[in-house]
Amino acid sequence: MDIVEVKLEDLNVKEFIAQKIGEISSTVGNGIAINALSGGVDSSVVTMLGYKALGRRLKTFFIENGIMRHEEPQQVVSTFRALGVPIEIIDAQKQFFQALRGLTDPEEKREAITRTFYKDVFSKVVKEHDARFLLQGSIYTDVEETIAGVKRQHNVLVQLGIDTEKRFGYTVIEPLIALRKPAVRVVAKALGLPETIYGRPPFPGPALAARIIGEVTKERVEIVRKATKIVEETLSDTGAFQYMAILHKEKVTGIRDGRRDYGHQIEIRCWESHDAKTGLPTRLSFDTLEEMAARITEEITDVVSVTYNITRKPPSTLEAV
């Protein structure tokens, strides 16, 4: 890769923030930039950098794609409006579910999300606001894993030789492209973002679609959304790097009320990691695992099996899809 990583130990936070604000301001000039906010630490930092550089000339949007966590759009918008940053929600659920219909291959699903996000949704928004730039929170690990062929990250474009100006009608600005997640968190804290943002576990760009093995439908998203809420409520105090619920493709046989119940499988993953390059499964207590399994199968009656992943990365990956 041509990108030179800025390691955490070499990061001068104040200088970095000032440099990136200056670069954004210089690149956009007197024009308008569009910003994609998901609420994760990466996109949140880019939002604050962009707003400090451009003020009201930064148009920030939260894309309601139908595959986010429980009440996430409302929570993210509320957080940033409290910080003085105006946010607009775009309801694009129909476009995303249409694009994902019938797809089961992980890379095909990622490509469908990428195409819908950049071409179908943001190309239209950019034209409506007469903007020429899109700010996004791509980081070093996204590019590294994509180039290595581990998995295609939906926000990696220019590094794959994609001319965004020609294909989508705008230039992508990536202020965090040289940082990994721990460094981004330090920048987030320095920018005054709340701990609910800078301490938030990593969450994939394709959202809950990255945690569904097989086809992504509204019904299957709702199952993994409920399971995710339970897992995050249970494990939020563990200090783990990342934790998640994954919905498997195949159903399995279970028993409810003394009768056969053919239902879904949820896999729980919880990781210890520094920079997401490697990871070890957290040694959770059996009581904690039992608690999650009981809640998931009781509160989501379509689920009859809950498992815990104990494979390190590599050969596993943090996310399943």
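Our subject is the structure that appears above.
Let me sum up the structure you'll find in this document. Note that the coordinates shown come from a computational prediction; the quantities given were computed from them, not determined experimentally.

Criteria and cut-off values
- Residues numbered from 1 in each chain as written.
- Predicted model: local features only at pLDDT ≥ 70, side-chain atom pairs only at ≥ 80, totals over all residues.
- Heavy atoms only, no water.
- Axes fitted to C-alpha atoms, helices over the stretch in contact; angles between N-to-C directions.
- Helix = DSSP H or I, 4+ residues; strand = E, 2+ residues; numbered from the N terminus.
- Parallel < 35°, antiparallel > 145°, perpendicular 65-115°, else oblique.
- Contact = heavy atoms within 4.5 Å.
- Nonpolar A, V, L, I, M, F, W, Y, C, P; charged D, E, K, R; others polar.
- Phe/Tyr/Trp six-rings, centres within 6.5 Å; stacked < 30°, edge-to-face > 60°.
- Lys NZ or Arg CZ within 6 Å of the ring centre and 35° of its normal.
- Core = buried A, V, L, I, M, F, W, Y, C linked by side-chain atoms within 4.5 Å.
- Buried < 20%, exposed > 50% of the residue type's maximum accessible area, 1.4 Å probe, protein only.

## Concerning the packing of helix H1 (residues 13–28) against helix H8 (residues 181–190)
Stage number 1. It is at 10 Å that the axes of H1 and H8 come closest, and there the two elements cross at 80°. Classified by the angle their axes make, H1 and H8 are roughly perpendicular. Contacts between H1 and H8 involve Val13, Phe16 and Ile17 on the former and, on the latter, Val186, Val187 and Ala190.
Stage number 2. In the contact of H1 with H8, the residues fall into six nonpolar, no polar and no charged.

## Here we look at the packing of aromatic side chains
Stage number 1. According to the stated counting rule, one finds four aromatic pairs in the structure shown.
Stage number 2. An aromatic cluster of at least three residues, connected via ring pairs, comprises Phe117, Tyr118, Phe122, Phe168 and Tyr170.
Stage number 3. Across the ring face of Phe203, the terminal group of Arg69 is positioned such that the distance to the ring centre comes to 3.7 Å.

## Topic: unusual backbone geometry
Stage number 1. Residue Pro314 follows Lys313 across a cis peptide bond; omega there is -15°.
Stage number 2. Mapped onto the fold, Pro314 is located in the segment after strand E10 (303–308).
Stage number 3. Of note, the amide linkage connecting Pro314 to Pro315 takes the cis form, showing an omega dihedral of 10°.
Stage number 4. Within the secondary structure, Pro315 is located in the segment after E10.

## Brief notes about the nonpolar core
Stage number 1. Grouped together as the largest cluster of nonpolar side chains are 90 residues, with contacts concentrated most on Val45, Ile63, Phe80, Phe122, Leu176, Val187 and Ile266.
Stage number 2. At eight residues, helix H5 (residues 106–128) tops the list of elements feeding residues into this core.
Stage number 3. Not counting the four nearest positions on each side in its chain, Val187 is found in contact with Leu11, Val13, Phe16, Ile17, Val45 and Leu179.
Stage number 4. Counting six residues, the second largest nonpolar core, distinct from the first, contains Met244, Ile246, Ala276 and Leu318.

## Describing H8
Stage number 1. Here H8 lies mainly inside the structure; seven of its 10 residues are buried.
Stage number 2. Residues Lys181, Pro182, Ala183, Val184, Arg185, Val187 and Ala188 constitute the buried set of H8.
Stage number 3. Buried residues along H8 sit in contact with H1, helix H2 (41–54) and helix H9 (195–198).
Stage number 4. Count one or two residues on from H8 and you reach Gly192, which has phi positive near 90°.

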